[in-house]
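Observations on the model geometry
As a plain string of letters, each chain reads:
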Amino acid sequence: MEKLLAFVVLGLVFVSTAESRVYKSYQEKIPYSAINCRKHVAYLTDFGGKGDGVTLNTAAFKAAVDSLSEVASDGGALLVVPPGKWLTGTFSLASHFTLYVHQKAVILASQEESDYPLIEPLPSYGTGRDAPGTRFSSLIVGTNLTDVVVTGGNGTIDGQGEIWWKKFKAKQLNHTRPYLIEILHSTQVQISDLTLTNSPSWHVHPTYCTHVIIERLTILAPVTVPNTDGINPDSCTDTRIRDSYVVSGDDCIAVKSGWDQYGIRYAKPTERLSIRGFTCISPDSAVIALGSEMSGGIRDVRAEGVRALNSQSGIRIKTGAGRGGYVKDIYVRDVEMDTMKYVFWMNGDYGSHPDPGFDPKALPEITNINYRDMVGKNVTIVGSLSGIEGDAFTNICISNVTVELAAGKKEGGGVLFGEEKAKKLPWSCVDVGGVSSKVTPKACPELVEQEVDCAFPSDTLAIDEVELNQCFVDV
């Protein structure tokens, strides 16, 4: 069949339109959802890519994105990663651009440090998270972009993180590990319909972005490996996370906004975040964590339809003296939990700091926290809520919550079986205040019992009203 191609002079590369390109080997039209469909399409193989799992394709990805970016302003451009195993180091995306990973394609992250350029730390962090100073670039990156999509037919991006985990544990790394996907200073961002596995560190890290859509992701990492967070929106505005499943050795979702004095100075909060239809397994961390790097502030977070299995905590707020900032206007409802250590966990003694320059008098404001309509079973501790002396966490509301304690746990102050003492009571509260209603086991006295339904906003965030387009790609 004839190939109808458009010639791009500057890149000396042939790029076609989605409507006109016909391939003898790729004849099936596959639908996908995106914020925008694309006029121009090309395949990684057009740029010398080899999907043999051995050949390094960094140059092919770069050439493809560079060439497609020349036509992206004319109706957008799409790069298809076809079936195969595509080894690569860091590569960047472009505006009005879609990276589409075929169902039978695997993007394999190189395990060589030299394939990840060193970049400056984030300004709201001031230093690397693993080590002082510079950090390794992430595998897939984008900066100052508009309308950028990373999606597929549930194709896979494999971080091959084991060698990084071993080096980190052995203290053999001089720089912070790469993340899998990191998009910075961008708007209209979509990451969806992918399986992400084994990142060296965090899997998805949108930072300083607006209008972010994250949907239908499966994220898998060993539950024994720390720092393999699933989705970490960081100083982002208008973000939605929907219908995703995470197994992790760290927080499944960690909402962030900068670290101590650097986050306070940068002053960019995460706000208007919507989470719906989310499932998590994380035996050593939280289903949804707010913090600990929250110095730019976190507000107006709405989570519902959350399912937690075999996880350390359901909803966790973690902060400490020196953080400053705030966590406020948090709304969570419709949560089901099975086999948990904590349902609710707040602690104000989180001690990690970027450097000695933090201000210990910079205290966080934690207020207007609302949890309702939750059930849990096989739970060790219902709530461990610890504020900061002289800086209590206030206006906490918990209503319509029923929790079944794990075998051997007693309600109402009883002693546990064996040698476990009162430290394992279902509730522990200090330096906090608020109300509770219809909570079983009964909440601590600091949450005064009264007839109340905790708040959940009746309005709809603008990001939740965005409807994706149905697009098609020839594969």
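This structure is a prediction, so every number in the text was calculated from the model and none was measured.

**Comments concerning the overall build of the protein**
Counting its secondary structure elements, the protein contains 3 helices and 31 strands. Taken over C-alpha atoms, the radius of gyration comes to 23 Å for the protein, in line with the 23 Å a tight globule of 475 residues would show. Relative to its full complement of 475 residues, the protein shows a buried share of 59%. Contacts in the protein between residues far apart in sequence, at least 24 positions, make up 76% of those at least 6 positions apart. Total accessible area on the protein is roughly 18,400 Å²; 50% of this is exposed by carbon and sulfur atoms. Charged side chains in the protein number 44 positive and 56 negative. The centres of these two groups are separated by 3 Å.

**Concerning the side chain of Gln 312**
Looking at the element boundaries, Gln 312 is found in strand β24 (residues 298–318). Not counting chain neighbours up to four residues away, the residues in contact with Gln 312 comprise Ser 282, Pro 283, Asp 284, Ser 285, Met 340, Lys 341, Tyr 342 and Trp 345.

**A word on helix α1 (residues 58–69)**
Compared with an ideal rise of 1.5 Å per residue, which puts 12 residues at 16 Å, α1 spans 16 Å between its outermost C-alpha atoms and is within 8% of the ideal. Within α1 the residues assigned to the buried category are Thr 58, Ala 60, Phe 61, Ala 64, Val 65, Ser 67 and Leu 68.

**Digging into the sheet that holds strand β8 (residues 91–92)**
Spatial strand order, β8-β13-β16-β18: 4 strands in an open sheet with parallel pairing. Of all the strands in the sheet, the pair left with one neighbour each is β8 and β18 (204–207). Note that β8 and strand β13 (residues 140–143) share 2 bridges and pair parallel. Bridge pairing in β13 places Ser 92 opposite Val 141.

**Re empty space enclosed by the protein**
Following the criterion strictly, the structure yields 2 cavities of 30 Å³ or more and no others. Considering the residues around the largest cavity, the lining is formed by Pro 121, Leu 122, Tyr 125, Thr 127, Gly 128, Arg 129, Arg 135, Tyr 179, Trp 202 and His 205. Taken together, the residues of the lining of the largest cavity sort by class into 5 nonpolar, 3 polar and 2 charged.

About the criteria used
Counting from 1, residues in each chain are numbered in the order their sequence is written. Predicted model: local features are reported for residues with pLDDT of at least 70 only, side-chain atom pairs are reported and counted for 80 or more only, and whole-chain, interface and lining totals are derived from all residues. Side-chain metrics in this entry use all non-hydrogen atoms of the structure; hydrogen atoms and water are not considered. In this description a helix means any DSSP run of H or I spanning at least four residues, a strand means any run of E spanning at least two, and both kinds are numbered starting from the N terminus. The size measure is the radius of gyration over C-alpha atoms, and the globule rule it meets is 2.2 Å times the number of residues to the 0.38 power. For every residue, the accessible area (1.4 Å probe, protein chains only) is compared with the maximum for its type, and the residue is labelled buried under 20%, exposed over 50%, or partly exposed between those bounds. Here a residue-residue contact requires only that any non-hydrogen atoms of the pair lie within 4.5 Å. Here the open area of atoms and residues is found with the Shrake-Rupley method and a 1.4 Å probe, where only the protein chains shown may cover a residue. A residue counts as positive if it is Lys or Arg and as negative if it is Asp or Glu; His and the chain ends are not included. Every charge is mapped to an atom, namely NZ of Lys, CZ of Arg, CG of Asp or CD of Glu. Helix span, expected: 1.5 Å multiplied by one less than the number of residues in the helix. Here, strands pair whenever DSSP counts at least two bridges between them. Whether a set of points on the 1 Å grid over the protein atoms alone is a cavity depends on a 1.4 Å probe fitting there but being unable to get out, while an open set qualifies as a pocket with protein on both sides within 12 Å along at least five of seven lines; lining residues are those with an atom within 4 Å of a point. Grid points are joined across faces, edges and corners, and a volume is the space filled by probe spheres set on the points. By the convention adopted, Pro, Cys, Tyr, Trp, Phe, Met, Ile, Leu, Val and Ala count as nonpolar, Lys, Arg, Asp and Glu as charged, and the other residues, Gly among them, as polar.

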